[in-house]
Amino acid sequence: MTRDNGEVNATAVVFSIEDIEARIAPLRERLTAHPLYAAIRTQDDLRVFMESHVFAVWDFMSLLKALQQKLTCVSVPWVPTKFAASRRFVNEIVLGEESDEFEGRPVSHFEVYLEAMQECGADTRAVAALVESARGGALDLAGVPEAAAGFVAKTFEVIRTGSLAAQAAAFTFGREDVIPDMFRELVRELNRESAGELSKFVWYLERHIEVDGEDHGPLSLRMVSDLCGEDAGLWEEAAAAAEAAIEARLGLWDGILGRIEG
């Protein structure tokens, strides 16, 4: 860590959200400027994107549920857990992600994404097979595009082996808020050209930007801070998990770009 004057502080190591953001800034810049966005020009390209990206939408829910299990009490008899602000935040996220209001009905964002894929003719068979295997308690990645399978595997690695602080950091810094405006505008334009075949996907993108920017983003940063507290080791685990989450997203984007170009 450095002081404000640029000198290395060798005695007092203090970690913070600002430290993590500075550490991952180069990775976030690479993600925002990724050539994948410029490569998507047609609705066929977008279908290829969705057929891999949907797995990131799905495993996000598993990471969220891992946080809910640890930050809230989901057993009987009930007892209050330690981090009151974080448990409220996680419950709010679960409410929105698992049962948001869309077209006058409660539905998860993942289910809206599946509907968006069906609306534009994207193939949902691989993700449907994965969900069916998950119903039986398995994680069968056979048939999943290679880069998407790698992304899911890394998410479940932090679920299985990461500390609560690491899981919160992966959740916080691996969100969809890095998708640039130019990509969303492209989707809107393709939606206009296709007479509304991408309307549900447009809703999904804009809904995530709305909630991440206005509510969930700031609260998730507070969650990481609360869970790390004054423990330098936990701050380091959180920073490493944040880096790993963005690197995994970069790998996913590389894989999708290869499929489009190939």
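> Which residues make up the pattern of salt bridges, and what values do they have?
Counted under the stated rule, the structure contains 17 salt bridges. Asp44 is paired through a salt bridge with Arg47; the nearest N and O atoms lie 2.2 Å apart. Taken as a pair, Asp44 and Arg47 lie in helix H3 (residues 43-71) at a separation of 3 residues, close to a single helical turn. One salt bridge in this structure joins Glu185 and Arg188, with 3.0 Å as the shortest N-O distance. Residue Glu185 and its partner Arg188 are both found in helix H9 (residues 181-193); the two are separated by 3 residues, about one turn of the helix. A residue is classified by how much of its surface remains accessible, and Glu185, at 38% relative accessible area, is partly exposed. Accessibility expressed as a relative area gives 24% for Arg188, which makes it partly exposed. When salt bridges that share partners are traced, they join Glu185, Arg188, Glu189, Arg192 and Glu206 into one network.

> With reference to specific residues and values, describe the nonpolar core.
One broad rule of soluble globular proteins: the nonpolar side chains tend to lie buried together. Membership of the largest hydrophobic core comes to 79 residues, with the highest contact counts inside it found for Leu46, Phe49, Phe183 and Phe201. With 15 residues, the top contributor of residues to this core is H3. In this structure, Leu46 is in contact with Ile40, Phe183, Val187, Leu190, Leu198 and Phe201, ignoring residues within four places of it in sequence.

> Give a description of the environment of Leu205 that names residues and reports values.
One can find Leu205 in helix H10 (residues 199-228). With relative accessibility at 6%, the residue Leu205 sits in the buried group. If we ignore the near neighbours within four places in the chain, the residues touching Leu205 are Ile179, Phe183, Arg184 and Val187.

> Let's hear about the side chain of Arg175: which residues, and what values?
One can find Arg175 in the loop between helix H8 (164-173) and H9. On the basis of relative accessible area, Arg175 is assigned to the buried category, the value being 8%. A polar side-chain atom of Arg175 sits 3.2 Å from a polar atom in the side chain of Ser220.

> So what about the side chain of Thr155? Which residues, and what values?
Along the polypeptide, Thr155 turns up in helix H7 (residues 146-161). Overall, the relative accessible area of 11% leaves Thr155 in the buried class. Leave out the neighbours within four places in its chain, and Thr155 touches Asp59 and Leu63.

> If you had to explain unusual backbone geometry to someone new, which residues and values would you point to?
In this model, Val76 is joined to Pro77 through a cis peptide bond whose omega is 5°. Its location among the elements puts Pro77 in the loop between H3 and helix H4 (84-99). Of note in this structure, Glu103 is not a glycine but carries a positive phi near 55°. The residue Glu103 is located in the loop between strand E1 (100-102) and strand E2 (105-107) in this model. Using a relative accessible area of 55% as the deciding quantity, one classes Glu103 as exposed. One non-glycine residue, Ala195, lies in positive phi territory at about 60°. Relative to the helices and strands, Ala195 is located in the loop between H9 and H10.

> Go over the packing of H3 against helix H5 (residues 109-120) with me, naming the residues and quoting the values.
Two elements in contact, H3 and H5, have axes separated by 10 Å at closest approach and are oriented at 160°. When the axis of H3 is compared with that of H5, the two are roughly antiparallel. You can see that H3 and H5 cross each other, and the crossing is left-handed. Side by side, H3 and H5 meet where Gln43, Arg47, Phe49, Met50, Glu51, His53, Val54, Val57 and Trp58 of the first sit next to Phe110, Tyr113, Leu114, Ala116, Met117 and Cys120 of the second. A class-by-class count of the residues in the contact of H3 with H5 yields 11 nonpolar, 2 polar and 2 charged.

> If you had to explain the packing of helix H1 (residues 17-32) against helix H11 (residues 232-261) to someone new, which residues and values would you point to?
Packing of H1 against H11 brings their axes to within 10 Å, and their N-to-C directions diverge by 10°. One element, H1, and the other, H11, form an angle in the roughly parallel class. Residues Ile17, Ile20, Arg23, Ile24, Leu27, Arg28, Arg30 and Leu31 of H1 touch H11, and the partners they reach there are Trp235, Glu236, Ala238, Ala239, Ala240, Ala242, Glu243, Ile246, Glu247, Arg249, Leu250 and Trp253. By residue class, the composition of the contact of H1 with H11 is 13 nonpolar, no polar and 7 charged.

The rules behind the values
- Residues numbered from 1 in each chain as written.
- Predicted model: local features only at pLDDT ≥ 70, side-chain atom pairs only at ≥ 80, totals over all residues.
- Heavy atoms only, no water.
- Salt bridge = Lys/Arg side-chain N within 4 Å of Asp/Glu carboxyl O.
- Helix = DSSP H or I, 4+ residues; strand = E, 2+ residues; numbered from the N terminus.
- Buried < 20%, exposed > 50% of the residue type's maximum accessible area, 1.4 Å probe, protein only.
- Core = buried A, V, L, I, M, F, W, Y, C linked by side-chain atoms within 4.5 Å.
- Contact = heavy atoms within 4.5 Å.
- Polar contact = N/O pair within 3.5 Å; in protein donor to acceptor, adjacent residues only side chain to side chain.
- Axes fitted to C-alpha atoms, helices over the stretch in contact; angles between N-to-C directions.
- Parallel < 35°, antiparallel > 145°, perpendicular 65-115°, else oblique.
- Left-handed = near helix turned anticlockwise from the far one by under 90°.
- Nonpolar A, V, L, I, M, F, W, Y, C, P; charged D, E, K, R; others polar.

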